[in-house]
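Each chain, letter by letter, is given below.
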Amino acid sequence: QRRVYRTTTHVPWELGQIMDSETFEKSRLYQLDKSTFSFWSGLYSEVEGTMILLCGGIPFLWNLSGQISGRAGFGPEYEIVQSLVFLLLATLFSALTGLPWSLYNTFVIEEKHGFNQQTLGFFFKDAIKKFVVTQCILLPVTSLLLYIIKIGGDYFFIYAWLFTLVVSLVLVTIYADYIAPLFDKFIPLPEGELKQEIEVMAKSIDFPLTKVYVVEGSKRSSHSNAYFYGFFKNKRIVLFDTLLEDYSALNKEPAEGADGENEETKSKTKNKKQGCKNEEVLAVLGHELGHWKLGHTIKNIIISQVS
């Protein structure tokens with residue numbers, strides 16, 4: 001793949017009518033940089049994991065967790081408490097060792113190619129918030145899982161599997177309504193031509209659409225995306241504001257003296273408008289709805305659970 005990025009310097013004839021050479025070159029160079037970053041970060045991860053195993057990092061962290069929980073009045077019989085301390089320390093270590101890579105990816109690669117919209121302050125505030133929210137979910141779920149393993153007897157793995165299946169389905173259901181809004185602002189897509197066209201397309205494939213939201217992704221990145229979520233007859237569609245030419249904050253002039261979140265978002269003036277026209281948005285959304293129509297989501301869940 002990397003060789004293709006390096007050697008394909010001209011627009012392939014299949015794309016000749018829909019992509020200009022400047023856009024293609026920008027995309028090629030971006031993917032080349034991402035490929036390099038992926039290689040070195042992946043290599044570091046492998047080396048780090050191997051060194052932790054060879055140097056006894058896991059037993060060391062387990063013993064340290066026992067000492068910390070012991071000082072808090074929880075002896076060796078409190079295995080779940082020690083396990084939660086272990087997990088907290090392990091995720092903290094992982095977050096700290098991954099931080100330089102995340103900073104480089106955001107403020108060097110994404111910045112170089114014009115995608116980054118974050119300030120350093122926003123980045124760290126976001127990272128801390130993600131860590132705290134993750135712990136609030138991870139620690140209670142893990143404690144219940146460990147309890148099930150302790151009382152499950154010879155067939156503990158079946159009960160543990162059913163528990164993790166239920167947790168994963170619950171998280172998928174509540175993520176967009178209760179977790180994602182902690183990080184980004186979601187607003188209903190206003191009435192208009194685009195919303196009508198989305199509803200018509202959804203109806204044409206019997207997609208049970210209930211709401212369409214726009215999420216404020218522009219304060220992090222100028223990348224665009226769209227996704228749907230929800231089970232059974234309660235499906236919602238989410239569009240990134242960067243996907244929409246009429247709603248992208250990157251197309252608007254920042255207000256003078258603006259404070260709050262706008263202060264932390266680096267709005268960059270561009271010659272070309274950010275976002276897509278309605279028919280292009282529908283094409284992107286059509287791809288996502290195609291996953292639903294072809295049952296890819298359900299198939300992936302079944303395959304992963306069998307595995």
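Residues numbered from 1 in each chain as written. Predicted model: local features only at pLDDT ≥ 70, side-chain atom pairs only at ≥ 80, totals over all residues. Heavy atoms only, no water.

Per an unreviewed UniProt entry, the chain is named CAAX prenyl protease, and its organism is Nothocercus nigrocapillus. UniProt lists a comment for the chain under the heading Catalytic activity (unreviewed entry), and it reads "Hydrolyzes the peptide bond -P2-(S-farnesyl or geranylgeranyl)C-P1'-P2'-P3'-COOH where P1' and P2' are amino acids with aliphatic side chains and P3' is any C-terminal residue." In its Function (unreviewed entry) section, the UniProt record describing the chain reads: "Proteolytically removes the C-terminal three residues of farnesylated proteins." (UniProt positions renumbered as here; feature names shortened; annotations may be inferred.)

S.K.: Report on the overall build of the chain, specifying residues and quantitative values.
M.R.: Helices and strands together make up the secondary structure of the chain, namely 10 helices and 4 strands. Viewed in the frame of its principal axes, the chain has a C-alpha envelope of about 65 × 45 × 45 Å. Residues classed as buried in the chain amount to 28% of the 307 residues present. Nonlocal contacts in the chain, meaning residues at least 24 apart in sequence, comprise 69% of its contacts between residues at least 6 apart. Side chains of the chain carry 30 positive and 33 negative charges; the gap between the two charge centres is 3 Å. (Helix = DSSP H or I, 4+ residues; strand = E, 2+ residues; numbered from the N terminus. Buried < 20%, exposed > 50% of the residue type's maximum accessible area, 1.4 Å probe, protein only. Contact = heavy atoms within 4.5 Å. Lys, Arg positive; Asp, Glu negative; His and termini not counted. Charge placed at Lys NZ, Arg CZ, Asp CG, Glu CD.)

S.K.: Go over the UniProt feature "domain: CAAX prenyl protease 1 N-terminal" (unreviewed entry) in the chain, please, and point to the residues and values.
M.R.: Sites flagged by UniProt as "domain: CAAX prenyl protease 1 N-terminal" (unreviewed entry) map to residues 1–185. Helix makes up 78% of residues 1–185 and strand 0%, with an end-to-end C-alpha separation of 36 Å.

S.K.: Which residues make up the sheet that holds strand S1 (residues 186–188), and what are the values?
M.R.: Strand order in the open sheet made by the 4 strands is S1-S2-S4-S3, with mixed pairing throughout. Every other strand in the sheet has two partners, leaving S1 and strand S3 (226–229) as the edge strands with one partner each. For this sheet the average axis-to-axis angle between neighbouring strands, irrespective of direction, equals 30°. (Pairing = 2+ DSSP bridges. Axes fitted to C-alpha atoms, helices over the stretch in contact; angles between N-to-C directions.)

S.K.: Tell me about the packing of aromatic side chains, and name the residues and values.
M.R.: Taken as a whole and assessed by the stated rule, the structure comprises 14 aromatic pairs. Taken together, a centroid distance of 5.4 Å and an interplanar angle of 80° make the contact between Phe207 and Phe228 edge-to-face. Here the residue Phe207 occupies a position in the loop between helix H7 (193–204) and strand S2 (209–215), and Phe228 occupies one in strand S3, the gap between them amounting to 21 residues. The exposure class assigned to Phe207 is buried, which follows from its relative accessible area of 4%. Every member of this aromatic cluster is reached through a ring pair, and the members are Phe37, Tyr44, Trp101 and Tyr104. (Phe/Tyr/Trp six-rings, centres within 6.5 Å; stacked < 30°, edge-to-face > 60°.)

S.K.: Any chance you could break down the layout of surface pockets for me, citing the residues and the numbers?
M.R.: Taken as a whole, the second largest pocket encloses approximately 1000 Å³ of empty space. Taken together, 37 residues make up the lining of the second largest pocket; nearest its centre are Ser102, Phe123, Asp126, Ala127 and Lys130. Looking at the lining of the second largest pocket, the elements with two or more residues in it are helix H4 (79–112) and helix H5 (120–151). A per-element tally of the lining of the second largest pocket places H4 first, with 11 residues. Residue composition of the lining of the second largest pocket, by class: 17 nonpolar, 13 polar and 7 charged. (1 Å grid on protein atoms, 1.4 Å probe; cavity = no way out; pocket = protein on both sides within 12 Å on 5 of 7 lines; lining within 4 Å. Points joined across faces, edges and corners; volume = space filled by probe spheres on them. Nonpolar A, V, L, I, M, F, W, Y, C, P; charged D, E, K, R; others polar.)

S.K.: Run through a nonpolar patch on the surface, naming residues and quoting values.
M.R.: Taken together, the side chains of Ile149, Tyr155, Phe156, Phe157, Ile158, Tyr159, Trp161 and Leu162 define a hydrophobic patch exposed on the protein surface, amounting to about 770 Å² of accessible area. Mapping Tyr159 onto the fold places it in helix H6 (residues 156–179). (Patch = residues over 30% accessible without salt bridge, like charges linked within 9 Å, V, L, I, M, F, W, Y side chains within 5 Å. Areas by Shrake-Rupley, 256 points an atom, 1.4 Å probe, with all protein chains shown as cover. Salt bridge = Lys/Arg side-chain N within 4 Å of Asp/Glu carboxyl O.)

S.K.: Now, about the pairing of S3: what can you tell me, with residues and values included?
M.R.: In this sheet, strand S4 (residues 235–240) lies alongside S3 in antiparallel orientation, the contact comprising 4 bridges. When the bridges of S4 are listed, Tyr227 appears paired with Val238. Adjacent in sequence and paired antiparallel, S3 and S4 are bridged by 5 residues, among which Gly230 carries a positive phi angle near 110°.

S.K.: Can you explain the nonpolar core? Please cite residues and give values.
M.R.: Counting 17 residues, the largest nonpolar core has Leu189, Ile198, Ile237, Leu239 and Leu244 as the members making the most contacts within it. The set of elements that each furnish at least two residues to this core consists of H7, S2, S3, S4 and helix H9 (278–293). At 4 residues, the largest contribution of residues to this core is made by H9. The residues touching Leu244, leaving out its near neighbours within four places in the chain, are Leu189, Leu194, Val214, Leu239, Gln274, Gly275, Cys276 and Val281. In this structure, Ala176, Val215, Tyr229 and Val238 belong to the second largest nonpolar core, which totals 5 residues. (Core = buried A, V, L, I, M, F, W, Y, C linked by side-chain atoms within 4.5 Å.)

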